[in-house]
Structures are given as C-alpha cells and as structure tokens.
Amino acid sequence: MKKICVLFILFIYFEINGQAVWTKTTLIDKFQIECLASINGDLYVGLGGGGVYKSSDEGTTWTEINNGIGKKYITSIISKGGKIYIASYGEGVFISENKGLSWIEMATAPGSKYIFSLIASGQNVLAATWDGIYYSSDEKKWTKAIISGNRKHNISLSFYESKKNLIAGSGQYVFTSKDNGKSWESVSASSLFDIVSFAEQGNALFIGTSGDGLYQSLDDGKNWIKKGNNKSESELQNVPAIIVDSLNIVAGSPNKGVINDGSKMNQGYSGLSIKSLIKHKGFYFAGTPTAGLWKFAVNSKLQEIETRGLFELTSAIYPNPWSVNSKLEYTINQKADVHIDLIHPGGKVIKQFHFLAQPRGAYEVELNDLDLSSGIYFLRIKVNDLIQLKKLFRVR
C-alpha cells in the first residue's frame, strides 16, 4: 500500500504543476473579457471596447473579426440557424452569416440599444435590455414581451434556457416563459441583489447575484435557498458566471476567482478575477477584467485537485479499466468520516459507501459484483471538506 500511495502522490503533483493549472492564452488583455461563446468548434470572445475575436485551436491563436462592427463593447454572443448574433452595448444587435468574417447591423434595435444579454428560443431571438425583454422572429422588428405576476421590473440582465422553461433575471427577480419569450411570469427570488447568471444541474437551478452569492432552487424557482455551507462558498458574493457539468458547479467571481464545488481553483494565477466562464473542447476558459483570457484543462485529474491544509487525502483505483473486479485504495492522515459514491455519467448515484470516524491509515474498497455496462463511471470521494473525483473505465 505504501508504494502505491507514494507513486500516486508524485503523479498528482505532476498533473497540478504540469497541466491542471490556469494558463494564459495569447488573447489581447487590454480590454475586459465580457462574454464567451462556443459555436461549431470555435471559441468566440466579446471584449469591452475591443470587438470580437475567434480561436479555432482552443485559444492558442486568435483572429480579430470586427469587419462591420469595429471595436465595439460586446456584451453577448449567440448562434441560431447557422448565424451568429452579437449585442453591442448602446449600439444594438449585429448578425454574421459567415462565422464572423463580416457583420451587418439589424435594421431596428430593441426598445433600448443598451443590451445586456441575448438568447435564441424557437424562432425568436431575445434581448435583455435596460427597458425590459424584447423578441424578434424575423430580424426586422422587435416586440416587447409581456410580463405578468406580482413582481415586475424593467431592467433585464441575463437569460438561461432550462429543461423546462426559458428564464430571465430582471433586477432582483426571476421570470419564466413557456412560449419562447413572448410572455413571462414573475417568480420570487430571495436575493436583494441583481440576478446576473444561471446554471442547472439535475433538478437544481442556480442563480448568481451581483452581491449576495449563489442561490439554489429545487422546485423550478418557486423557492430559493442560499448556498453557503462552507467558507469559500459563503465568501463568493458577486457571481457573474456559473458553469456546470454532470457533477460539478464552477462559479466565477471578480473578488475570489474560480470556485469548484466550494474549493478555490486558482492554481497558476492567484490573482484570478473572473468576469465570464465557459467550458469548450476540454478546457474551462475564464475571462478577466484586465488580465486577458485564461484556460484550465478539464481532464481526468481536474477534480482531484483539493484544498490542501492540515488534512490530506490520497487515492488510487486498480485496475482501471476493469472488467471483473477493481478496488479503490485511499489514505487519510487523520480521523475522518469518509463518503464514497459510484456515479453514472448522467449524475445518478449507483452505489454508496459510508465509513464514519475512520482512524488515520490506508484503506481499500472492493468494487466487485457490480452489474454495470461498458462505459465511463465516476467515484466521488468526500472526506471532511475535501472532494476527489475518479474516472473509471468499465470494459465487459
């Protein structure tokens, strides 16, 4: 056991210091990174006063694509039907039919040219503006959406399309639409601050606020609970960007950098201040106000990064891939409660192991007699406040 653990520690050290760190891309860092979009394999970046840039090689090289727009202040980039739409704050909406090589301004603008966000839903393109929510189905005219319910607010800031509804953040309130944005109904939100970002994981909906942290709803936005179960999450106040996968919640903050399920992940750049986040082609990309665009490799070792303090956890799976029997080996350096979940890629927990008040030492968990089909699975190991995620390959 000792030999296995020593080898594993060296391997993780290499991953953290060699790959699993934030590295700076070559994108110009003179302007604030306002928005990011992954469209047909390309990464698009909207700058505050610098127009639009595009990369086709995961941020290694960049092309300025400002023909027809100049170096405008870009707040949102979306795609619909083979076209790309951008919102220029104070100047309306522009469209490209050739992957950004040239842009044409829409003939009319929404009620306000001060646009914070765009989204496509059905046949409609929607704009969240200083004067409320507008939609267009023909790229020629805009119609102001109807808002009903007890709470109304004119300043719309953010959009999101969940599994059930189209959602908008309007000041301190959440609005939902079931008709592609033509009409909206208000839903109460607990925050006293503006709602500026959304994410969804399973049946949980998350909102990020401009000064009151993260909130979570398990009933389609009817009730909200503030997420603040550990120190780093409670410190996360301004949340302009959230991204999720089947297992993780990654939030960005101008003050605290990037937080992954409550653990800070600022490896490689301790001063990381976040304006925008996206997951694109195996990387997390983080846009900053003044320090350019950074990326972080999303590989099998990403979630093994932990906040190391007085407590330490090391673990390994052998064999992996496995066909019949395998085992998890882990070592803890002090007494702790250990929770281990075997998880399907879709997020469903298949099997759980709970060990309360385990003394310090090395342990094994047998992964035998599991009737699982071939594919990728995950083991989530939670010990005290530390979480590690292991990728398993099942071969039958």
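Calculation notes
Residues numbered from 1 in each chain as written. Predicted model: local features only at pLDDT ≥ 70, side-chain atom pairs only at ≥ 80, totals over all residues. Heavy atoms only, no water. Pairing = 2+ DSSP bridges. Helix = DSSP H or I, 4+ residues; strand = E, 2+ residues; numbered from the N terminus. Axes fitted to C-alpha atoms, helices over the stretch in contact; angles between N-to-C directions. pLDDT = per-residue confidence, 0-100. Contact = heavy atoms within 4.5 Å. Phe/Tyr/Trp six-rings, centres within 6.5 Å; stacked < 30°, edge-to-face > 60°. Buried < 20%, exposed > 50% of the residue type's maximum accessible area, 1.4 Å probe, protein only.

### What about the sheet that holds strand S20 (residues 204-209)?
The strand order across the open sheet built from four strands is S19-S20-S21-S22, with neighbouring strands paired in antiparallel fashion. Each edge of the open sheet carries a strand with a single partner, namely strand S19 (195-201) and strand S22 (225-227). On average, each strand axis in the sheet is inclined to that of its neighbour by 30 degrees, with strand direction left out of account. Relative to S20, S19 is paired through six bridges, and the arrangement is antiparallel. Within S20, the residue paired with Ser-197 across the bridge is Gly-208.

### Details of the confidence of the model for the chain
On average, the chain scores 82 in pLDDT, and the residues at 70 or more come to 86%. Segment residues 1-19 is flagged for pLDDT under 50; beyond a separation of four residues in sequence, or across chains, it makes 26 contacts in the model. pLDDT under 50 marks residues 300-310. Its contacts with residues more than four places away, or in other chains, come to 35 contacts.

### Side note on the packing of aromatic side chains
Under the counting rule described, the total for this entry stands at nine aromatic pairs. Aromatic side chains Tyr-89 and Phe-116 sit 5.5 Å apart centroid to centroid with 55 degrees between the ring planes, which places their arrangement in the tilted category. Taken together, the residues Tyr-89 in the loop between strand S7 (83-88) and strand S8 (92-96) and Phe-116 in strand S10 (residues 115-121) connect sequence positions 27 residues apart. Residue class for Tyr-89 comes out partly exposed when judged on its relative accessible area of 30%. When its relative accessible area of 22% is taken as the criterion, Phe-116 is described as partly exposed. With a centroid separation of 6.1 Å and 35 degrees between ring planes, the pair formed by Phe-116 and Trp-130 is classed as tilted. Remark: Trp-130 occurs in the loop between strand S11 (124-129) and strand S12 (132-136) and Phe-116 occurs in strand S10; sequence separation between them is 14 residues. Taken together, the ring pairs in this structure connect Tyr-73, Tyr-89, Tyr-114, Phe-116 and Trp-130 into an aromatic cluster.

### Looking at the sheet that holds strand S26 (residues 263-264)
Here we have four strands laid out as an open sheet, ordered S23-S24-S25-S26, and antiparallel in their pairing. Each edge of the open sheet carries a strand with a single partner, namely strand S23 (241-244) and S26. The pairing of strand S24 (residues 249-253) with strand S25 (residues 257-260) spans four bridges and is antiparallel. Following the sheet pairing, Val-250 is matched in S25 by Asn-260.

### Some thoughts on the pairing of strand S4 (residues 51-55)
Here S4 lies mainly inside the structure; five of its five residues are buried. Where strand S3 (residues 42-48) lies against S4, five bridges are found, and the strand directions are antiparallel. When the sheet's bridge partners are listed, Gly-46 is paired in S4 with Val-52. The hairpin formed by S3 and S4 contains two residues between the paired strands, and Gly-49 there has a positive phi angle of roughly 100 degrees. In the sheet, S4 pairs with strand S5 (residues 63-64) via two bridges, with the strands oriented antiparallel. Within S5, the position partnered with Lys-54 by the bridge is Thr-63.

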